[in-house]
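Read off the chains here:
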Amino acid sequence: MRTTTPYRRARRSLVGAVAAAAVLAGTVTGCSSGESSSGGERGAQAAPRWNTAPTSIAAVGDSITRGFDACSVLADCPEVSWATGDDPEVDSLATRLLGAAEAPSHSWNYAVTGSRMADLPAQLASAAEHKPDLVTVMVGSNDACRPLASSMTPVADFRGGFEQALAGLRAASPRSQVYVSSVPDLQRLWEQGKDSPMVRQIWKLGICQSMLADPLSAIAGSATRREQVRARVVEYNEVLREVCAKDELCRYDGGAVFQYPFAADQLSRWDWFHPGKDGQARLAELAHRQVTSVRPPR
């Protein structure tokens with residue numbers, strides 16, 4: 001019977017080694033009793049995925065989203081809004097995503113001409129009542145467009161307003177996705193109209209004086225003022241990017257609107273500053289491309 005003892009000892013050693021290996025594997029992979037390796041840790045949740053086909057849209061922001069000066073002088077024209085309009089020539093984001101039949105009953109426009117970042121929390125609160133799949137945000141131009149460059153919204157206040165607005169939306173409608181447009185390059189808009197005598201007369205009515213006052217002045221003070229306004233817009237866009245990046249369901253446009261080279265024929269023929277119908281169509285195109293992309297813009 002002596003021949004069985006080494007066999008039993010070897011068998012016990014083998015069983016012990018297998019058990020030890022199993023324990024070690026469980027430690028390394030994070031699996032424990034009652035969990036499978038394919039399931040991962042119990043209670044873990046995957047990060048929410050971006051829905052490229054939302055079925056309802058709410059828009060918030062300022063005069064651009066209201067289609068101001070796109071159809072007639074000094075008047076809103078929401079039917080050509082890049083976000084929720086129904087004009088077939090614009091083919092708004094809502095129409096592209098929902099279809100012409102569904103868009104009117106499943107999209108809402110809470111943008112208000114003249115709005116600044118401080119107005120965004122209230123607008124998002126109204127939008128959240130619908131629990132929309134997607135909320136579009138375009139705000140910041142009026143924070144930079146002030147009577148004087150010195151009265152532009154401080155960057156810290158701009159950040160605080162955006163953080164407050166997003167927090168309020170998350171509390172009221174946690175699953176709503178947010179598409180954030182960058183603030184347009186106001187200096188480029190100045191460049192498009194400054195050489196027209198008629199445009200300069202219109203700008204004297206009070207449109208974005210921090211950028212457009214004395215449009216042909218080449219003195220150091222005027223040039224510095226315009227550069228300050230552009231620099232502030234760049235700072236606002238960085239705030240939009242940073243705050244949005246902290247929210248898993250928020251997507252910033254990567255500066256697409258700021259970088260878009262608006263031409264004169266894409267601007268309002270009444271003020272050469274707000275987007276005209278063709279400009280609104282380009283905004284809708286940019287937004288649709290990025291909302292329907294699986295990956296966010298870089």
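For the structure itself, consult the block above.
None of the values given here were measured: they were computed from a predicted structure. (Residues numbered from 1 in each chain as written. Predicted model: local features only at pLDDT ≥ 70, side-chain atom pairs only at ≥ 80, totals over all residues. Heavy atoms only, no water.)

1. Structural notes on the overall build of the chain
Logical step 1: What the chain contains, in helices and strands, is 12 helices and five strands.
Logical step 2: Per-residue burial over the chain gives 47% buried out of 298 residues.
Logical step 3: In the chain, once contacts between residues fewer than 6 apart in sequence are set aside, the share between residues at least 24 apart is 72%.
Logical step 4: Carbon and sulfur atoms form 54% of the exposed surface of the chain, whose accessible area is close to 15,200 Å². (Helix = DSSP H or I, 4+ residues; strand = E, 2+ residues; numbered from the N terminus. Buried < 20%, exposed > 50% of the residue type's maximum accessible area, 1.4 Å probe, protein only. Contact = heavy atoms within 4.5 Å. Areas by Shrake-Rupley, 256 points an atom, 1.4 Å probe, with all protein chains shown as cover.)

2. Side note on unusual backbone geometry
Logical step 1: One non-glycine residue with positive phi stands out, namely D69, at about 65 degrees.
Logical step 2: With respect to the element layout, D69 can be found in the loop between α2 (63-66) and α3 (93-98).
Logical step 3: Residue class for D69 comes out buried when judged on its relative accessible area of 2%.
Logical step 4: Residue D91 is not a glycine yet carries a positive backbone phi of 55 degrees.
Logical step 5: Structurally, the position occupied by D91 is in the loop between α2 and α3.
Logical step 6: Looking at D91, the relative accessible area reads 29%, which means it is partly exposed.

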